[in-house]
Amino acid sequence: MDEESAAPFDVDLTRASIARVYDYLLGGKEYLDADRRAADAMTNVVPEAGDIARANRRFLRRGVSYLVREAGVRQILDIGSGLPGDGNVKEVAQAADPDVRVTYVDNDPIVLAHARAMLATDERTAAVPGDLRRPDELFDRVEAMQLLDLDEPFAVLLSGVVHHLADDEDPGGLVAAVRARLCPGSYLLLSHFLDDDEPRARALERACLYGGLGSGRFRTWTELHGYFDGLELVEPGLVYANDWRPDASTPNGSPVTTLYAGGVGRKP
Ligand SMILES: C[S@@+](CC[C@H](N)C(=O)[O-])C[C@H]1O[C@@H](n2cnc3c(N)ncnc32)[C@H](O)[C@@H]1O
């Protein structure tokens, strides 16, 4: 992507963007030099870092498919939605049921521009600017769109976004604020970098924090379980993302399986 076409807004293109680094690691084309450098810092310490992004994306697709096909979810709020590549949430959800309504939320204006372009003619999907660090404002905007009825069961997706919150931003408190919005019968899908007590997690965390991306915390099982407080975990629970209801396309024995976890919880 050239810098002119990438900059419809007042954004600093010399800094890496989480969404574009992720897109680069997934093999996409929406990246600039700063994004490639930040991704290279990660692959220099863990050459298979791209497989973590793919494990996340596949977990997200299986999770959304479960939510719509098996749990009967008809409304999805995708916070930290990212660039809408192939097989994005709306495509997976609406392939299972065309009536599913999806609202995408992200704090990156370029992500919003891409999402809005894709959704221009779609009445069942919306894109809203919002920041997980200001959950009240975020939910007010979602409600103002009137696409989702948050008094009826819905699913919130926090896929690959909570690890971009720093410890001093109180990720536990912010996820609790999101959980507090779930009415009974609603779901939380969450995936996150995992510190499973191996040196690669700490090396990759340093590369994320100081190699150009500026965020990316690897947290422990205990910390991750805390994000599901008060929810009933759907089988098989909070597990390595590749172990969550794997299908034929899920890698078996990937070298980075132990660096990424995910789960789905239901509000009783
Ligand atoms: C790694 S991407 C994940 C994209 C998608 N959810 C997925 O799992 O494929 C993380 C996304 O979260 C967004 N993000 C990061 N921090 C955020 C915040 N505080 N509030 C809202 N979005 C945020 C980034 O802009 C990026 O698009």
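Our subject is the structure that appears above.
Fair warning: this is a prediction, and the values are worked out from it, not measured in the lab.

## Quick look at the overall build of the protein chain
In terms of helices and strands, the protein chain carries ten helices and eight strands. Its C-alpha atoms give the protein chain a radius of gyration of 17 Å, near enough to 18 Å, the size a compact globule of 268 residues would have. Its C-alpha atoms give the protein chain principal-axis dimensions of about 45 × 45 × 40 Å. Sorting the 268 residues of the protein chain into buried and exposed places 52% on the buried side. Pairs at least 24 apart in sequence give 71% of the contacts found in the protein chain among residues at least 6 apart. Within the structure as shown, the protein chain displays about 11800 Å² of accessible surface, and the carbon and sulfur contribution to it stands at 46%. Measuring between centres, the 29 positive side-chain charges of the protein chain sit 2 Å from its 45 negative side-chain charges.

## Topic: the site of the ligand
Neighbouring the ligand are 20 residues, the closest being Tyr 22, Arg 57, Gly 80, Asp 106 and Ser 159. At a separation of 2.7 Å, a nitrogen atom of the ligand approaches a polar backbone atom of Gly 80. Here a nitrogen atom of the ligand sits 2.9 Å away from a polar atom, N or O, in the main chain of Leu 132. Considering the ligand on its own, with 600 Å² of exposed area, one finds that the protein chains cover 97% of that surface. For the shell around the ligand, the elements supplying multiple residues, two or more each, are α2 (18–25) and α4 (49–69).

Thresholds applied
- Residues numbered from 1 in each chain as written.
- Predicted model: local features only at pLDDT ≥ 70, side-chain atom pairs only at ≥ 80, totals over all residues.
- Heavy atoms only, no water.
- Helix = DSSP H or I, 4+ residues; strand = E, 2+ residues; numbered from the N terminus.
- Rg over C-alpha atoms; globule rule 2.2 N^0.38 Å.
- Buried < 20%, exposed > 50% of the residue type's maximum accessible area, 1.4 Å probe, protein only.
- Contact = heavy atoms within 4.5 Å.
- Areas by Shrake-Rupley, 256 points an atom, 1.4 Å probe, with all protein chains shown as cover.
- Lys, Arg positive; Asp, Glu negative; His and termini not counted.
- Charge placed at Lys NZ, Arg CZ, Asp CG, Glu CD.
- Near = heavy atom within 4 Å.
- Polar contact = N/O pair within 3.5 Å; in protein donor to acceptor, adjacent residues only side chain to side chain.

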